[in-house]
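# Results of the structural survey
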Amino acid sequence: MNAPSLTLRPAQIVFSFWIALFALVLVDGYALNLVSLPADPTVIFIAVLIEMLLLARGLLLYHPRWDGAPLEFAGFLISVVVVGIYFLVPALPTFLPPSFSVDPANHLAFVNSTFATGQIVSDYPGGPALIGALVAHWLGEPSLRVIHPLAALWIALTAGGIFGIACAALPDRRVYKIVALCAPFALFVPWNYFAGALIGSEYFWTQVAAQLFLIAFVWFQSAYRDSRHVFWAVGMALCLIAISVSFQLWLAVPAAMFGLALVAEWRARASRRQTLTTGLVVVGIPSLFWVALFVAGSRFIPNTARLSAAGAIPMPSFDALGGAYLLLPLLGAVLLLRGGARGWVVRLFIALAAAQCVFAIAANVWLGISTYWVGKTFYLLALPLALGAVIPLARAVEYIEHFAPRGWASAATFAVASVIFGAGLFALFPAPAFSPLSESDIQVALWAKEKLATGHINLIGRKSLVAQWLGVGIWGERLPDDLLVDMATLGPKTFEEWRGDPAWGEYLFVSSEQHLPLDGALQTLYRRGDSMIVAKPANAAPAVDAAMPTAQFGDALALLDYNLPRATFRAGDVISFTARIQAQRVPAHQVVWRVQLRDRSHNAAAEARRDPFDNKFPLQRWPDGNVIQQSFALSLPLDLRAGLYDLQLGLYYVGSGAPLSYRSADGGTDDALTLGQIKIELPSATTHELGAVTRVAAKLGDALSLLGYRLSRKSPLHPGESLKIYLYWQSVAVTSKDFTAFVHLLDPAGAVRAQSDAAPRDGNYPTSIWSVGEIVIDPRTLVLPPDASPGEYQIEVGMYEWPSLLRLPVTDANSRNQGDHIILPDRIRVIRP
C-alpha cells in the first residue's frame, strides 16, 4: 500500500504524536490485563516508547515530505493552548475539576482503582481511567491532581483537531487559516455541548476522551483521502480501538464514515487492491482487539442494560444547541452539497452525526432506550456543527477577495485574529471558577487516608459534594453499585448529633468552609489552615458487642437479639419491636429490611420496609462492628383475617429484590428469619349479637365449651338449599391441641345427610391459640342433598382429635355426662317444593 508520497505538516505531526501515545497506552494496558497481568506503569512506558520509535522509524522509511505550513501550525498551537488555558484556569490552584457534578469523584475512584491494582475497571468504560492512572504514576502525582489537567489536554487537542480538519476542508491559502480559527471558537457557542461537558454542572470525562479520538479519526481520514497512505490507515485503526474502550456510543459515526469512504473508493475503481488493503488495516486491527476482548476479557464488554438506564441529561433544545447560530452550519451544510472533494469528509461527518441523533430519537420511541442516551448523542453534534459554520465564512471571504488586494490576509492579520479568538472566548463564554475542596481540605483528606480508618470519619451535611469527593474520590471507599452517584452522606445532620451519639464514628472532618461549634473536649488530630480532623474523647467510642448473633444476613448485617413485647394483636394494630443489629460489611447493592406477616399458606398478609438503622447511618458509614438498636413497625390491615401468622424478618437488595440469605446460629439458612408466631384475635362479639344466640352451655373436654349458636334462616327448607349455622365456642382453659369441629344434619332415621367437618374458622384459628374466656364465632354451611326426604332433621355438634377421630366428651352445666355430641334444640323441617 505504498503511496507515491506522504506529506506531513507540523500540526499533523504534533497531533498524531499525542493520539498515538494515548492509543498505544490503551492497547498495551488492555493487552496485559487480557493475559491476566496488571497494567504495570514501567512495562507500559517501555513498551510505548519502543512502539513510538518503531512508528517513527517506519514513517521515515516512506521518505515523507515536510510541508512547513507555519500559519496552520500556529493556528493549531493557538487553539490547543487557548482552549487548554480556558479549562485549566478555573481549576487553579487545586487542579480539581471545576464541576458541580458528583461524576468527577466517581471517575477519580476509577482512576485510583486502576492506579492501585493495575486492573482496568470493567463496570464502566475503563480506557480513560487507565490513561489517568498511568500518567499519575509517571508524573509521581496523586491521581486527583491529574484527571482534570489530562481532560483539559484532551479537549484542547480536540479543538486543535477541529482547526486542522477545517484547514483540510478549505483551500490551502493563508486567508483560510484565519477562517479556520473560527471552528474551535464555534465549539463554544453550544456551550453545554462542548465546554459544559467538562465545566459546571456535568463532567463527562470518558466522553471527552472519546471525542478526541473521534476527531482524530476524522482528521486522519481527511489526510488519507489526500495521500492514500498506510500511516493514516494505522492511525484510524488505533482511533477505533481507543473509542471502543472510552465511550462506545461514539463508535458508530467513524465506522460508518470509513465504510462509506471505502465503498466510494471501490466504486471509483482507482486502486481496488489498495482499497482492500486499507480496509484490512483499518478494520482488521480493531477487530483483532475486539475478538480478544470477547474471548479473554468478557468483563470489559459493555452491558446492554445500560441503554435503558435513566439519567439526568436534559433533552436538547434549539437554544442549547446555539439558537440562531445554527443557521450558519445549516447554510454550510447546504454549500457543502455543492462543494468539491476538499469538503467531502466534513460533509460526511455532519450527515452521519445528524443521522445518529435521529436514530437515537427513533430508538427511544420504538426500542425504549432512555432519554439519557438521546441527550448524550447530541453532544457529538457540536463538533460537526463547528466545522459546518466555517464554510459560509469561507465563501464570504472568497467573495471579498474579488474586491480586495491579495496582501490583506497577512501574518499580521492572522495574529490579530488569534488575539480576537482568545479574548473573545474568555469574554463571551466565561468559565465558572469552582473547586469542591480547598487545598487545605485536600491535604487533610490525604493525611486521613494514610493514617486513619476512613470509614470512621464523618462529615456534617447531607448529600454533600464535598462528601462525595472525600469518600469516593480521595478515600476510595466502595459504595453499593446502585448508589455510586450522589450517595456520599458521611455523617449526621448536625454537629450535636455526632458529638452526642457514640454510635457515630469517632472522627470528624471539618472543611475550610465549615464553621462548627467544636467542643473543647475534642482532640485535633491534624490541621492544615482551617481544615482539620478532630476526634471524640476516648471514652465516647462505643464498645464492640461480642454477643453471638441470632442470625447473619449475608456478610452485611447480623441480628444479635430482638424483643417482641407480645404475641397477640388485632386487625388495625401496629406490631412494634426492637432489635440489636451489628454492621459488618457494606453490601454490594443497596439493601432494605422487609418485615412480613405470613399466613399458613406462606402468603404475605402485611409488609413493611425499613432502611437499615432507620436510615440514620448511610451505607458507607455503617458503624463498623458496633451494635445499633433498630426499630421496626408493621401496621396490620383493618380487614386482616384473624388467625395465626408467622412474623418474618429478611434483608433484601432494593433493586432486584433478591434476599441476603440468613444463617442462624445453628447453621440453618433461609430467605427470611421467623421471629415468632403472631395471633390476630377475632373481634369481640357484641352484646346485641350475643343476645340473639340460642344458648347451649355444653362443655367439651376440659378446655372448650359451646356457648350457643345462631341459624341464618328458619324452617322449612327445600332439598338442595343451604343452611348457615354460627357456632359460638368459648375457651375455658388453655389447650395445646388443635381439635376438629363437626356439624352434622341428621334425617329422621338418624342418618347424616349433610356435614361440615373442619377446624374452627376453616383452620385459620386453631383451638391451640384460643385465650381463656375468648368467644370464637365459627360459621358453618350445611347443604341439603337434592334427594332429601321430607321430615324433621336434627343438628349434632361436637369436636374430635385428629387423626385418632376420638370425640371429646360432652357435659352439661351441672357436669352431667351428655355423650360425645350435642343435639341442638332447633329442628329443621324439610318439605318438597
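Structural notes, computed from the coordinates. Not measured: the values here are computed from a predicted model. (Residues numbered from 1 in each chain as written. Predicted model: local features only at pLDDT ≥ 70, side-chain atom pairs only at ≥ 80, totals over all residues. Heavy atoms only, no water.)

### Here's the deal with the sheet that holds strand E12 (residues 604-610)
Judged by pairing direction, the sheet is mixed, and its 5 strands sit side by side in the order E9-E17-E14-E11-E12 without closing on themselves. Each having just a single partner strand, strand E9 (568-570) and E12 make up the two edges of the open sheet. When strand polarity is set aside, the average angle formed by the axes of neighbouring strands in this sheet is 30°. Pairing geometry for strand E11 (residues 591-598) and E12, over 6 bridges, is antiparallel. In the strand pairing of E12, Arg 598 is matched with Ala 604. (Pairing = 2+ DSSP bridges. Helix = DSSP H or I, 4+ residues; strand = E, 2+ residues; numbered from the N terminus. Axes fitted to C-alpha atoms, helices over the stretch in contact; angles between N-to-C directions.)

### Here we look at the pattern of salt bridges
Tallying each qualifying case throughout the model produces 19 salt bridges. One salt bridge connects Arg 9 with Asp 172, and the closest N-O pair in it is separated by 2.5 Å. Taken together, the positions of Arg 9 in the loop between strand E1 (7-8) and helix H1 (10-34) and Asp 172 in the loop between helix H6 (147-169) and helix H7 (174-180) put the pair 163 residues apart, joining distant regions of the chain. The exposure class of Arg 9 is buried, given its relative accessible area of 15%. Exposure remark for Asp 172: the relative accessible area of 43% places this residue in the partly exposed category. The partner of Glu 439 in a salt bridge is Arg 145, and the shortest N-O contact between them spans 2.6 Å. Placement of the pair is Glu 439 in helix H17 (residues 439-451) and Arg 145 in the loop between helix H5 (127-139) and H6, with a sequence separation of 294 residues. You can call Glu 439 partly exposed: its relative accessible area is 29%. Accessibility expressed as a relative area gives 17% for Arg 145, which makes it buried. One network of salt bridges, with partners in common, ties together Arg 9, Glu 72, Asp 172 and Lys 177. (Salt bridge = Lys/Arg side-chain N within 4 Å of Asp/Glu carboxyl O. Buried < 20%, exposed > 50% of the residue type's maximum accessible area, 1.4 Å probe, protein only.)

### Observations regarding the packing of H1 against helix H2 (residues 41-60)
Axis separation between H1 and H2 bottoms out at 9 Å; the angle between their running directions is 130°. By the criterion of interaxial angle, the relationship of H1 to H2 is oblique. Where H1 crosses over H2, the two elements pack in a sense that is right-handed. Contacts between H1 and H2 pair Phe 17, Ala 20, Leu 21, Leu 24, Val 25, Asp 28, Gly 29 and Leu 32 from the former with Val 43, Ile 44, Ala 47, Val 48, Glu 51, Met 52 and Leu 55 from the latter. Residue composition of the contact of H1 with H2, grouped by class: 12 nonpolar, 1 polar and 2 charged. (Parallel < 35°, antiparallel > 145°, perpendicular 65-115°, else oblique. Left-handed = near helix turned anticlockwise from the far one by under 90°. Contact = heavy atoms within 4.5 Å. Nonpolar A, V, L, I, M, F, W, Y, C, P; charged D, E, K, R; others polar.)

### So, empty space enclosed by the protein
Take a probe with the size of a water molecule and roll it over the atoms, and the empty space left behind shows itself. Under the criterion given, the structure shown has 3 cavities of 30 Å³ or more. Estimates place the volume of the largest cavity at around 70 Å³. Lining of the largest cavity is provided by Gln 221, Tyr 224, Arg 225, Phe 258, Ala 261, Leu 262, Glu 265, Thr 278, Trp 344 and Val 345. Of the residues that constitute the lining of the largest cavity, the class distribution is 6 nonpolar, 2 polar and 2 charged. Reported here for the second largest cavity is a volume of approximately 40 Å³. Asp 599, Arg 600, Arg 641, Ala 642, Gly 643, Leu 644, Tyr 645 and Asn 764 together form the lining of the second largest cavity. For the lining of the second largest cavity, the class distribution of residues is 3 nonpolar, 2 polar and 3 charged. (1 Å grid on protein atoms, 1.4 Å probe; cavity = no way out; pocket = protein on both sides within 12 Å on 5 of 7 lines; lining within 4 Å. Points joined across faces, edges and corners; volume = space filled by probe spheres on them.)

### Overview of the layout of surface pockets
Approximately 520 Å³ is the volume attributed to the second largest pocket. Along the walls of the second largest pocket sit 23 residues, with Ser 16, Leu 55, Ala 56, Leu 59 and Phe 231 positioned nearest its centre. Mapped by element, the contributors of at least two residues to the lining of the second largest pocket are H1, H2 and helix H10 (230-244). Of the residues forming the lining of the second largest pocket, the biggest block, 7 residues, is contributed by H10. In the lining of the second largest pocket, the residues fall into 19 nonpolar, 4 polar and no charged.

### Here we look at H1
Its 25 residues place the ends of H1 36 Å apart at the C-alpha level, agreeing with the 36 Å of an ideal helix rising 1.5 Å per residue. With 18 of 25 residues buried, H1 lies mostly within the body of the structure. In the segment just after H1, Ser 36 is the residue with positive phi, at about 65°. (Expected span 1.5 Å × (residues − 1).)

### Thoughts on a nonpolar patch on the surface
Together, Phe 45, Ile 46, Leu 49, Ile 50, Leu 53, Leu 54 and Trp 138 line one region of the surface with nonpolar side chains, adding up to about 690 Å² of accessible area. It is H2 that provides the largest number of residues to the nonpolar patch, a total of 6 residues. The residue Leu 49 is located in helix H2 in this model. When its relative accessible area of 45% is taken as the criterion, Leu 49 is described as partly exposed. (Patch = residues over 30% accessible without salt bridge, like charges linked within 9 Å, V, L, I, M, F, W, Y side chains within 5 Å. Areas by Shrake-Rupley, 256 points an atom, 1.4 Å probe, with all protein chains shown as cover.)

### Some remarks on unusual backbone geometry
Keep in mind that most residues, glycine aside, have a negative phi and that most peptide bonds are trans. Here the amide bond leading from Ser 715 into Pro 716 is cis, since omega sits at 0°, within 30 degrees of zero. Its location among the elements puts Pro 716 in the loop between strand E19 (704-711) and strand E20 (722-731). Here the bond from Trp 802 into Pro 803 is cis, since omega is 10°, no more than 30 degrees from zero. Residues other than glycine seldom take positive phi values, yet Ala 697 does so here, at roughly 55°. Residue placement: Ala 697 occurs in strand E18 (residues 694-700). Classification of Ala 697 as partly exposed rests on a relative accessible area of 44%. The backbone of Arg 761 shows a phi angle near 55°, a positive value even though the residue is not glycine. Residue Arg 761 is classed as partly exposed on the basis of its relative accessible area of 24%.

### Considering the environment of Val 797
Relative to the helices and strands, Val 797 resides in strand E24 (residues 791-800). Val 797 sits 55 residues away from Phe 742 along the chain, and the two C-alpha atoms are 5.6 Å apart. The contacts of Val 797, once residues within four sequence positions are left out, are Leu 706, Leu 727, Trp 729, Phe 742, Val 743, His 821, Ile 822 and Leu 824.

### Details of the nonpolar core
The biggest cluster of nonpolar side chains holds 176 residues, and the ones touching the most others in it are Phe 87, Trp 154 and Phe 188. For this core, the leading source of residues is helix H15 (residues 371-400), giving 17 residues. Sequence-distant contacts of Trp 154, that is, excluding residues within four places in its chain, are made with Phe 22, Pro 128, Ile 131, Trp 205, Val 208, Ala 209 and Leu 212. Counting residues in hydrophobic clusters, the runner-up holds 46 residues, among them Ile 575, Val 591, Leu 634 and Tyr 645. (Core = buried A, V, L, I, M, F, W, Y, C linked by side-chain atoms within 4.5 Å.)

Just geometry here; none of it tells us what the structure is for.
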